[in-house]
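Structure at a glance
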Amino acid sequence: MAARQQLGLRGQGAQSSERKLFTADIHEAVAPVSVGYDPELGLDVFWNDGRACTYAPAWLRRHDYSDEPTRRARRFSPTLWDEKASEPPRVGHTDVVATTTGQLAYLDALREFGAVIVTGVPSLDGEVERFAEVFGPVRELAFERVHNVRLDPGGYNVAHTSGELKPHTDFPSYAWPPSVQLLHFRANRTTGGESNLVDGWAAIAELRRTHPEHFAVLTRVPVPYQLFSEHEDTAAEAPMIELDPSGDVRLCRFSNQLAQPLRAPFDQVEAFYAAYRTLGRIIDSGRYRATFKSADGDLLTVHAHRVLHGRLAYDPASGARHLQNVYMEFDDLTARRRVLRGEHKPLPAQPLR
Ligand SMILES: [Fe+2]
(Lines give C-alpha, C1' and ligand atoms only; values in the text may rest on other atoms or scores of the structure.)
Protein backbone atom coordinates (compact mmCIF):
# COMPACT_ATOMS: atom_id res chain seq x y z
CA MET A 1 0.00 0.00 0.00
CA ALA A 2 2.75 2.42 0.98
CA ALA A 3 4.63 1.90 -2.26
CA ARG A 4 1.49 2.50 -4.29
CA GLN A 5 0.93 5.73 -2.40
CA GLN A 6 4.57 6.61 -2.97
CA LEU A 7 4.07 6.22 -6.72
CA GLY A 8 0.83 8.18 -6.61
CA LEU A 9 -1.17 5.11 -7.55
CA ARG A 10 -3.79 5.31 -4.84
CA GLY A 11 -6.54 7.84 -4.64
CA GLN A 12 -9.69 8.41 -6.57
CA GLY A 13 -9.70 9.28 -10.23
CA ALA A 14 -11.73 12.32 -11.20
CA GLN A 15 -13.70 10.62 -13.97
CA SER A 16 -14.71 7.04 -14.58
CA SER A 17 -16.74 7.63 -17.77
CA GLU A 18 -19.55 5.36 -16.56
CA ARG A 19 -22.55 5.30 -18.89
CA LYS A 20 -25.56 7.21 -17.60
CA LEU A 21 -27.89 6.48 -20.53
CA PHE A 22 -29.83 3.24 -19.91
CA THR A 23 -29.21 1.23 -23.08
CA ALA A 24 -32.61 -0.51 -23.05
CA ASP A 25 -34.27 2.90 -23.28
CA ILE A 26 -32.80 3.50 -26.75
CA HIS A 27 -35.67 2.88 -29.13
CA GLU A 28 -35.09 0.01 -31.53
CA ALA A 29 -36.18 2.20 -34.45
CA VAL A 30 -33.20 4.55 -34.01
CA ALA A 31 -31.03 4.19 -37.14
CA PRO A 32 -28.65 6.23 -39.29
CA VAL A 33 -30.27 8.17 -42.10
CA SER A 34 -27.07 9.40 -43.72
CA VAL A 35 -23.33 9.27 -43.21
CA GLY A 36 -20.42 11.37 -44.31
CA TYR A 37 -16.69 11.25 -43.92
CA ASP A 38 -14.47 14.06 -42.82
CA PRO A 39 -10.81 13.14 -43.47
CA GLU A 40 -9.73 15.28 -40.53
CA LEU A 41 -12.28 14.21 -37.93
CA GLY A 42 -13.76 10.87 -38.98
CA LEU A 43 -17.20 9.45 -39.65
CA ASP A 44 -20.25 11.71 -39.44
CA VAL A 45 -23.53 9.91 -38.72
CA PHE A 46 -26.94 11.60 -38.87
CA TRP A 47 -29.57 9.67 -36.89
CA ASN A 48 -33.32 9.56 -37.49
CA ASP A 49 -33.98 10.97 -34.02
CA GLY A 50 -32.40 14.23 -35.15
CA ARG A 51 -28.99 13.74 -33.57
CA ALA A 52 -25.66 13.86 -35.35
CA CYS A 53 -22.37 12.38 -34.15
CA THR A 54 -18.82 12.26 -35.38
CA TYR A 55 -16.74 9.20 -34.58
CA ALA A 56 -12.94 9.39 -34.44
CA PRO A 57 -11.12 6.95 -36.78
CA ALA A 58 -8.97 5.49 -33.98
CA TRP A 59 -12.08 4.77 -31.87
CA LEU A 60 -13.81 3.08 -34.82
CA ARG A 61 -10.77 0.89 -35.49
CA ARG A 62 -10.61 -0.17 -31.86
CA HIS A 63 -14.29 -1.10 -31.77
CA ASP A 64 -14.85 -2.53 -35.22
CA TYR A 65 -16.54 -5.89 -35.76
CA SER A 66 -13.74 -7.55 -37.70
CA ASP A 67 -13.67 -11.25 -38.38
CA GLU A 68 -12.14 -13.56 -35.79
CA PRO A 69 -8.55 -13.71 -37.18
CA THR A 70 -8.30 -9.92 -37.03
CA ARG A 71 -9.73 -9.77 -33.53
CA ARG A 72 -7.48 -12.65 -32.42
CA ALA A 73 -4.41 -10.79 -33.67
CA ARG A 74 -5.42 -7.85 -31.47
CA ARG A 75 -5.69 -9.97 -28.31
CA PHE A 76 -2.63 -10.65 -26.20
CA SER A 77 -1.50 -14.25 -26.17
CA PRO A 78 1.59 -15.13 -24.15
CA THR A 79 4.50 -17.14 -25.49
CA LEU A 80 4.21 -20.66 -24.13
CA TRP A 81 7.31 -22.38 -22.76
CA ASP A 82 9.54 -24.48 -24.98
CA GLU A 83 10.03 -28.16 -24.25
CA LYS A 84 13.31 -27.13 -22.65
CA ALA A 85 12.12 -24.21 -20.58
CA SER A 86 14.38 -21.61 -19.07
CA GLU A 87 14.14 -20.31 -15.51
CA PRO A 88 11.70 -17.46 -14.84
CA PRO A 89 13.00 -13.90 -15.28
CA ARG A 90 14.40 -12.23 -12.15
CA VAL A 91 13.97 -8.68 -10.89
CA GLY A 92 15.36 -7.02 -7.77
CA HIS A 93 13.11 -6.24 -4.79
CA THR A 94 14.26 -2.63 -4.39
CA ASP A 95 13.51 -1.84 -8.04
CA VAL A 96 10.10 -3.47 -7.90
CA VAL A 97 8.80 -1.75 -4.80
CA ALA A 98 10.28 1.68 -5.49
CA THR A 99 10.22 2.30 -9.24
CA THR A 100 7.66 2.21 -12.00
CA THR A 101 10.10 0.56 -14.39
CA GLY A 102 10.74 -2.18 -11.83
CA GLN A 103 7.03 -2.75 -11.32
CA LEU A 104 6.46 -2.93 -15.06
CA ALA A 105 9.35 -5.39 -15.49
CA TYR A 106 7.71 -7.62 -12.87
CA LEU A 107 4.22 -7.32 -14.36
CA ASP A 108 5.42 -7.79 -17.96
CA ALA A 109 7.30 -10.96 -16.99
CA LEU A 110 4.28 -12.39 -15.21
CA ARG A 111 2.00 -11.63 -18.14
CA GLU A 112 4.32 -13.02 -20.81
CA PHE A 113 6.13 -15.87 -19.05
CA GLY A 114 3.58 -16.73 -16.35
CA ALA A 115 6.26 -16.68 -13.64
CA VAL A 116 8.77 -14.22 -12.22
CA ILE A 117 11.24 -14.25 -9.31
CA VAL A 118 11.86 -11.19 -7.15
CA THR A 119 15.25 -11.44 -5.45
CA GLY A 120 16.42 -9.90 -2.20
CA VAL A 121 13.06 -9.76 -0.44
CA PRO A 122 13.64 -9.31 3.31
CA SER A 123 13.07 -12.62 5.12
CA LEU A 124 10.52 -11.12 7.49
CA ASP A 125 7.27 -12.57 8.73
CA GLY A 126 4.42 -11.39 6.48
CA GLU A 127 6.72 -9.65 3.99
CA VAL A 128 4.97 -11.48 1.13
CA GLU A 129 1.71 -9.80 2.09
CA ARG A 130 3.34 -6.36 2.18
CA PHE A 131 4.86 -7.05 -1.23
CA ALA A 132 1.50 -8.14 -2.70
CA GLU A 133 -0.18 -4.96 -1.52
CA VAL A 134 2.22 -2.89 -3.60
CA PHE A 135 0.18 -4.15 -6.56
CA GLY A 136 -3.32 -4.84 -5.33
CA PRO A 137 -5.53 -6.65 -2.84
CA VAL A 138 -4.65 -10.04 -1.40
CA ARG A 139 -7.13 -12.80 -2.31
CA GLU A 140 -7.97 -14.22 1.06
CA LEU A 141 -8.83 -17.92 1.21
CA ALA A 142 -9.70 -20.53 3.82
CA PHE A 143 -7.17 -21.70 6.42
CA GLU A 144 -4.80 -18.72 6.53
CA ARG A 145 -4.45 -15.26 4.98
CA VAL A 146 -0.69 -15.80 4.83
CA HIS A 147 -0.15 -19.52 4.29
CA ASN A 148 2.88 -21.10 5.93
CA VAL A 149 4.66 -23.92 4.13
CA ARG A 150 7.02 -25.87 6.32
CA LEU A 151 7.34 -29.33 7.81
CA ASP A 152 4.29 -29.75 10.03
CA PRO A 153 3.03 -33.21 11.01
CA GLY A 154 -0.34 -31.65 11.90
CA GLY A 155 -0.57 -29.61 8.69
CA TYR A 156 -3.61 -29.64 6.45
CA ASN A 157 -1.93 -30.50 3.17
CA VAL A 158 0.88 -32.43 1.52
CA ALA A 159 2.99 -29.28 1.24
CA HIS A 160 3.57 -29.71 4.98
CA THR A 161 5.49 -32.95 4.40
CA SER A 162 9.08 -33.16 3.11
CA GLY A 163 8.13 -35.37 0.16
CA GLU A 164 8.09 -34.54 -3.53
CA LEU A 165 5.15 -32.39 -4.63
CA LYS A 166 4.19 -33.06 -8.22
CA PRO A 167 3.38 -29.91 -10.20
CA HIS A 168 -0.13 -28.78 -9.35
CA THR A 169 -2.40 -25.78 -9.04
CA ASP A 170 -3.62 -24.61 -5.64
CA PHE A 171 -7.24 -24.45 -4.46
CA PRO A 172 -9.04 -26.01 -7.44
CA SER A 173 -11.54 -26.57 -4.63
CA TYR A 174 -12.89 -23.07 -5.25
CA ALA A 175 -15.29 -22.29 -8.11
CA TRP A 176 -12.80 -19.54 -9.02
CA PRO A 177 -9.35 -20.67 -7.85
CA PRO A 178 -6.86 -17.93 -6.99
CA SER A 179 -5.21 -16.83 -10.22
CA VAL A 180 -1.89 -15.56 -8.83
CA GLN A 181 0.31 -17.19 -6.20
CA LEU A 182 3.22 -15.49 -4.46
CA LEU A 183 5.65 -17.79 -2.66
CA HIS A 184 8.27 -16.15 -0.47
CA PHE A 185 11.24 -18.34 0.44
CA ARG A 186 12.06 -16.93 3.86
CA ALA A 187 14.54 -19.78 4.31
CA ASN A 188 15.46 -22.54 1.89
CA ARG A 189 18.66 -24.15 3.13
CA THR A 190 17.82 -27.82 2.86
CA THR A 191 19.34 -30.45 0.64
CA GLY A 192 16.79 -30.89 -2.15
CA GLY A 193 13.56 -28.91 -2.26
CA GLU A 194 14.18 -27.50 -5.74
CA SER A 195 11.18 -25.74 -7.28
CA ASN A 196 9.51 -27.36 -10.26
CA LEU A 197 7.34 -25.18 -12.49
CA VAL A 198 5.42 -26.45 -15.52
CA ASP A 199 3.65 -24.31 -18.10
CA GLY A 200 0.24 -25.96 -17.93
CA TRP A 201 -1.00 -24.14 -21.02
CA ALA A 202 1.98 -25.52 -23.02
CA ALA A 203 1.23 -29.04 -21.75
CA ILE A 204 -2.44 -28.64 -22.68
CA ALA A 205 -1.43 -27.34 -26.12
CA GLU A 206 0.52 -30.57 -26.66
CA LEU A 207 -2.49 -32.62 -25.52
CA ARG A 208 -4.76 -30.67 -27.86
CA ARG A 209 -2.36 -31.21 -30.78
CA THR A 210 -1.65 -34.89 -30.20
CA HIS A 211 -4.85 -36.16 -28.55
CA PRO A 212 -7.72 -33.82 -29.41
CA GLU A 213 -10.27 -36.32 -28.10
CA HIS A 214 -8.58 -36.35 -24.67
CA PHE A 215 -8.46 -32.56 -24.69
CA ALA A 216 -12.19 -32.39 -25.41
CA VAL A 217 -12.98 -34.81 -22.55
CA LEU A 218 -11.01 -32.71 -20.04
CA THR A 219 -12.89 -29.57 -21.06
CA ARG A 220 -16.21 -31.36 -20.47
CA VAL A 221 -16.08 -33.76 -17.52
CA PRO A 222 -16.40 -32.01 -14.16
CA VAL A 223 -13.97 -33.13 -11.46
CA PRO A 224 -14.77 -32.69 -7.76
CA TYR A 225 -11.95 -31.18 -5.68
CA GLN A 226 -11.84 -30.81 -1.93
CA LEU A 227 -9.43 -29.43 0.67
CA PHE A 228 -10.60 -29.52 4.26
CA SER A 229 -9.40 -29.61 7.83
CA GLU A 230 -11.03 -30.32 11.16
CA HIS A 231 -12.73 -26.92 11.10
CA GLU A 232 -12.78 -25.73 7.50
CA ASP A 233 -13.83 -26.96 4.10
CA THR A 234 -13.41 -25.96 0.45
CA ALA A 235 -15.06 -27.93 -2.34
CA ALA A 236 -15.88 -27.32 -6.00
CA GLU A 237 -16.56 -29.32 -9.13
CA ALA A 238 -15.23 -28.18 -12.51
CA PRO A 239 -13.43 -29.51 -15.61
CA MET A 240 -9.63 -29.57 -15.53
CA ILE A 241 -9.49 -27.32 -18.59
CA GLU A 242 -11.69 -24.26 -18.94
CA LEU A 243 -11.84 -22.36 -22.24
CA ASP A 244 -12.65 -18.73 -22.93
CA PRO A 245 -15.36 -17.79 -25.45
CA SER A 246 -12.77 -17.95 -28.27
CA GLY A 247 -11.79 -21.52 -27.42
CA ASP A 248 -8.44 -20.61 -25.85
CA VAL A 249 -7.41 -22.14 -22.52
CA ARG A 250 -8.28 -19.81 -19.66
CA LEU A 251 -7.90 -21.94 -16.56
CA CYS A 252 -6.06 -25.15 -15.78
CA ARG A 253 -6.93 -27.12 -12.64
CA PHE A 254 -4.48 -29.88 -11.90
CA SER A 255 -4.15 -31.29 -8.41
CA ASN A 256 -3.51 -34.96 -7.85
CA GLN A 257 -3.82 -34.42 -4.11
CA LEU A 258 -7.24 -32.74 -4.14
CA ALA A 259 -9.09 -34.56 -6.95
CA GLN A 260 -11.97 -36.69 -5.65
CA PRO A 261 -13.89 -39.60 -7.21
CA LEU A 262 -15.90 -38.53 -10.25
CA ARG A 263 -19.64 -37.98 -10.07
CA ALA A 264 -19.92 -38.29 -13.85
CA PRO A 265 -22.02 -40.89 -15.70
CA PHE A 266 -20.31 -44.29 -15.76
CA ASP A 267 -19.83 -44.26 -19.55
CA GLN A 268 -17.57 -41.17 -19.24
CA VAL A 269 -15.26 -42.56 -16.59
CA GLU A 270 -12.85 -44.59 -18.72
CA ALA A 271 -12.50 -41.81 -21.27
CA PHE A 272 -11.83 -39.34 -18.49
CA TYR A 273 -9.07 -41.40 -16.89
CA ALA A 274 -7.44 -42.06 -20.27
CA ALA A 275 -7.36 -38.30 -20.87
CA TYR A 276 -6.23 -37.50 -17.31
CA ARG A 277 -3.44 -40.08 -17.54
CA THR A 278 -2.23 -38.63 -20.85
CA LEU A 279 -2.20 -35.04 -19.58
CA GLY A 280 -0.55 -36.12 -16.31
CA ARG A 281 2.23 -37.86 -18.21
CA ILE A 282 2.86 -34.77 -20.33
CA ILE A 283 2.98 -32.61 -17.17
CA ASP A 284 5.36 -35.07 -15.51
CA SER A 285 7.50 -35.61 -18.63
CA GLY A 286 10.02 -32.86 -17.96
CA ARG A 287 8.90 -30.92 -21.03
CA TYR A 288 7.75 -27.30 -20.48
CA ARG A 289 9.35 -27.52 -17.05
CA ALA A 290 11.80 -25.26 -15.20
CA THR A 291 13.62 -26.75 -12.19
CA PHE A 292 15.72 -24.48 -10.01
CA LYS A 293 16.76 -23.90 -6.44
CA SER A 294 15.35 -20.81 -4.80
CA ALA A 295 17.54 -18.88 -2.39
CA ASP A 296 16.58 -17.22 0.89
CA GLY A 297 14.74 -14.02 0.03
CA ASP A 298 13.48 -15.16 -3.38
CA LEU A 299 9.81 -14.46 -3.99
CA LEU A 300 8.30 -16.54 -6.77
CA THR A 301 5.10 -15.31 -8.41
CA VAL A 302 3.13 -17.51 -10.82
CA HIS A 303 0.04 -16.99 -12.94
CA ALA A 304 -1.70 -19.79 -11.14
CA HIS A 305 -4.35 -20.53 -13.77
CA ARG A 306 -1.49 -21.29 -16.15
CA VAL A 307 1.73 -22.33 -14.40
CA LEU A 308 1.81 -25.38 -12.11
CA HIS A 309 4.20 -25.41 -9.17
CA GLY A 310 5.81 -28.26 -7.28
CA ARG A 311 9.01 -29.19 -5.53
CA LEU A 312 11.44 -32.05 -5.20
CA ALA A 313 11.72 -33.92 -1.90
CA TYR A 314 14.03 -32.44 0.71
CA ASP A 315 15.87 -33.58 3.80
CA PRO A 316 14.33 -31.68 6.73
CA ALA A 317 17.39 -32.43 8.90
CA SER A 318 19.72 -30.65 6.47
CA GLY A 319 18.63 -27.07 7.17
CA ALA A 320 15.80 -24.59 7.65
CA ARG A 321 12.93 -24.35 5.17
CA HIS A 322 10.04 -21.95 5.59
CA LEU A 323 7.90 -20.44 2.86
CA GLN A 324 5.02 -18.01 3.16
CA ASN A 325 2.52 -17.50 0.42
CA VAL A 326 -0.45 -15.35 -0.40
CA TYR A 327 -2.76 -15.28 -3.37
CA MET A 328 -3.96 -12.49 -5.60
CA GLU A 329 -6.07 -12.09 -8.73
CA PHE A 330 -4.45 -11.76 -12.16
CA ASP A 331 -7.10 -9.16 -13.06
CA ASP A 332 -5.74 -6.82 -10.39
CA LEU A 333 -2.17 -7.23 -11.61
CA THR A 334 -3.01 -6.68 -15.27
CA ALA A 335 -5.06 -3.65 -14.18
CA ARG A 336 -2.04 -2.27 -12.31
CA ARG A 337 0.04 -2.75 -15.45
CA ARG A 338 -2.48 -0.87 -17.60
CA VAL A 339 -2.59 2.02 -15.12
CA LEU A 340 1.21 2.23 -14.94
CA ARG A 341 1.37 2.26 -18.74
CA GLY A 342 -1.46 4.80 -18.99
CA GLU A 343 -3.54 2.37 -21.09
CA HIS A 344 -6.61 2.23 -18.89
CA LYS A 345 -8.47 5.29 -20.13
CA PRO A 346 -10.79 4.63 -23.07
CA LEU A 347 -10.25 6.42 -26.35
CA PRO A 348 -12.73 9.28 -26.75
CA ALA A 349 -15.38 8.40 -29.33
CA GLN A 350 -15.72 11.99 -30.40
CA PRO A 351 -12.67 13.50 -32.12
CA LEU A 352 -10.82 16.18 -30.23
CA ARG A 353 -11.58 19.39 -32.00
FE1 LIG B 1 0.77 -25.73 -3.85
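Residues numbered from 1 in each chain as written. Predicted model: local features only at pLDDT ≥ 70, side-chain atom pairs only at ≥ 80, totals over all residues.

**Section: the domain arrangement of the protein chain**
You can read the domains of the protein chain as domain 1 (27-74) and domain 2 (90-339). Taking only C-alpha atoms into account, the centre of domain 1 sits 44 Å from that of domain 2. (Domains from an automatic or database assignment.)

**A few points about the packing of helix 5 (residues 100-113) against helix 10 (residues 330-341)**
Packing of helix 5 against helix 10 leaves a shortest axis separation of 10 Å and a crossing angle of 135°. With respect to helix 10, the element helix 5 is oriented oblique. Handedness of the helix 5/helix 10 crossing: left-handed. Contact residues: T100, Q103, L104, L107, L110 and R111 in helix 5; L333, T334, R336, R337, L340 and R341 in helix 10. Counted by class, the contact of helix 5 with helix 10 contains five nonpolar, three polar and four charged residues. (Axes fitted to C-alpha atoms, helices over the stretch in contact; angles between N-to-C directions. Helix = DSSP H or I, 4+ residues; strand = E, 2+ residues; numbered from the N terminus. Parallel < 35°, antiparallel > 145°, perpendicular 65-115°, else oblique. Left-handed = near helix turned anticlockwise from the far one by under 90°. Contact = placed C-beta atoms within 7 Å. Nonpolar A, V, L, I, M, F, W, Y, C, P; charged D, E, K, R; others polar.)

**Comments concerning the environment of G193**
Position of G193 among the secondary structure elements: in the loop between strand 9 (191-192) and strand 10 (195-199). Other than its neighbours up to four places away in sequence, G193 contacts N188, R311, L312, Y314 and R321.

**Section: unusual backbone geometry**
Despite not being glycine, F143 shows a phi value in the positive range, around 80°. Structurally, the position occupied by F143 is in the loop between helix 6 (127-135) and strand 6 (147-149). In this structure F143 comes out as partly exposed when scored by C-beta crowding, with 16 C-beta atoms within 10 Å. The backbone of Y288 shows a phi angle near 55°, a positive value even though the residue is not glycine. Within the element layout of this structure, Y288 appears in the loop between helix 9 (269-283) and strand 15 (289-292). (Buried ≥ 20, exposed ≤ 12 C-beta atoms within 10 Å, placed from the backbone.)

**A short note on the nonpolar core**
The nonpolar side chains of soluble globular proteins are, as a tendency, buried together. The biggest cluster of nonpolar side chains holds 66 residues, and the ones touching the most others in it are L182 and A203. For this core, the element with the highest residue contribution is helix 9, accounting for six residues. Not counting residues up to four positions away in its chain, the partners in contact with A203 are V198, L279, I282, I283 and Y288. (Core = buried A, V, L, I, M, F, W, Y, C linked by C-beta atoms within 7 Å.)

**Concerning the sheet that holds strand 3 (residues 52-55)**
Taken together, the three strands give an open sheet; going across it, the order is 1-2-3, and neighbouring strands pair in antiparallel fashion. Since the sheet does not close on itself, it has two edges, and those belong to strand 1 (32-38) and strand 3, each with one partner. Across this sheet, the average inter-strand angle for adjacent strands is 20°, counted without regard to direction. Sheet analysis places strand 2 (residues 42-47) next to strand 3, joined by four bridges and oriented antiparallel. Bridge pairing in strand 3 places F46 opposite A52. (Pairing = 2+ DSSP bridges.)

**Structural notes on the sheet that holds strand 4 (residues 90-92)**
Spatial ordering of the open sheet is given by 4-5-16-8-19-6, a layout of six strands whose pairing is mixed. At either margin of the open sheet sits one strand with a lone partner, and together these are strand 4 and strand 6. When strand polarity is set aside, the average angle formed by the axes of neighbouring strands in this sheet is 25°. Where strand 8 (residues 180-188) and strand 16 (residues 299-303) come together, five bridges link them in antiparallel fashion. Pairing of L182 across the sheet is with T301, part of strand 16. Contacts from helix 5 reach strand 4, strand 5 (115-119) and strand 16 within the one sheet, and its direction differs from that of strand 5 by about 150°.

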